[in-house]
Every structure is written in structure tokens, then in C-alpha cells.
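Residues per chain, in single letters:
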Amino acid sequence: MTDTEFRKVAVEDLPDAPNPTRHKKEVDEAVGATEFGFNVYVADPGQQLPWGEHRHPNHEELLYVVEGTIRVETPDGDYDVGTGEAFFVPPEARQRTVATGEGTARVIAVGAPKADDGAVIEERCPECGDETDRDYEQRDGGDTYVLYCADCGAEVRRMVAGPE
């Protein structure tokens, strides 16, 4: 016998994390992964995955489209990524990902190292007009995220767990 703890989960049965998509399943948290992040998104056309324009200072990210299409908007241009395609985002690279096309997009996002997966959100604040990061707080036992402008403190967005 080893000390290894194998874990199996049914992804569809996992609770939704607060986000602006139809579903975000945090598989890494469910299995106790410590070295990489692994999230499954289900997004309708026009929904962002997950927070908006952002970057990960010390974290690589790989987006794999299981079904549908997404557009990854970067300072270097926009990239359309379809079913069966993967898109790599290096550390420090600004990007915004949106579900596109006619139907639902199902996307797996994997990133490492997990300890450095914090995102810096850099969008224009609708209140003060400055391009700033976002602070957030969890409410309702963690089922709601409220994002605030880091400069003026205005509430920018509320995200809930699983709108379905």
C-alpha cells in the first residue's frame, strides 16, 4: 500500500464557482490538486471566461475547447479557437476570453503553478474611468463574488455560482 490518495469526481456533480458563465467547475479544488489549476467552463455566446481582461503574473494557462468556439482577445490580436483546439497563454500576457458562435462552449482551463494563479484584472472602471485592477470579496458563504475598482472602490460586477 502507498500513501497516495487517488480521487475521482463526477465533474457535472461539482458545485459551481461564482463566475459570469453558465458553469465553472473547479476540478482541481475537488480533487485536492496542489500543483496545477483545472477548471471546466460551460459558457453561452457572449459570456466571458471568467473575469474579464486579465493576466497571470507567474502562471501559464492552457485553454482547450471541448465543444463550441471561443475568441481570445490579446494585445497581439484576436484568436478564434474551436472544438478540438488548444490555446496557450504565457505568464504576464493580457487576455480576455469570450464564448462565440451559435452554441454553448465547453472549455477546460489548466494552469500552473497553482500557487501563482492569482489574476490581475485590468479593465476600465465604469465609475471613475481609470484602467485599474479589481478587488473582490466573497459573500453569501462564498456563493457570490463582488468585484470593486481598486482605485475608487466602486462596485463593478457581481458574480454568482451557477446561474442555472
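Residues numbered from 1 in each chain as written. Predicted model: local features only at pLDDT ≥ 70, side-chain atom pairs only at ≥ 80, totals over all residues. Heavy atoms only, no water.

> What is the right way to read the state of the cysteines from this model?
Covalent bonding between the sulfur atoms of two cysteines is what defines a disulfide. In the structure shown here, the tally under the stated rule is 0 disulfides. We note that Cys149 lacks a disulfide partner, and the nearest cysteine sulfur, in Cys125, lies 3.7 Å from it. (Disulfide = S-S within 2.5 Å.)

> Quick question: what am I supposed to make of the UniProt feature "domain: Cupin type-2" (unreviewed entry) in the protein here?
As annotated by UniProt and renumbered to match this structure, "domain: Cupin type-2" (unreviewed entry) occupies residues 44-110. Counted over residues 44-110, helix gives 0% and strand 66%. Its end C-alpha atoms are 20 Å apart. (UniProt positions renumbered as here; feature names shortened; annotations may be inferred. Helix = DSSP H or I, 4+ residues; strand = E, 2+ residues; numbered from the N terminus.)

> Help me understand the pairing of strand β5 (residues 60-67), please; the structure alone is not making it clear to me.
Along a regular strand, successive side chains alternate from one face of the sheet to the other. The pairing of β5 with strand β10 (residues 105-112) spans 7 bridges and is antiparallel. Across the sheet, the residue bridging to Glu60 is Ala112, located in β10. Of the pairings in the sheet, the one linking β5 to strand β8 (residues 86-89) comprises 4 bridges and is antiparallel in character. Note on β8: the bridge partner recorded for Tyr64 is Ala86. (Pairing = 2+ DSSP bridges.)

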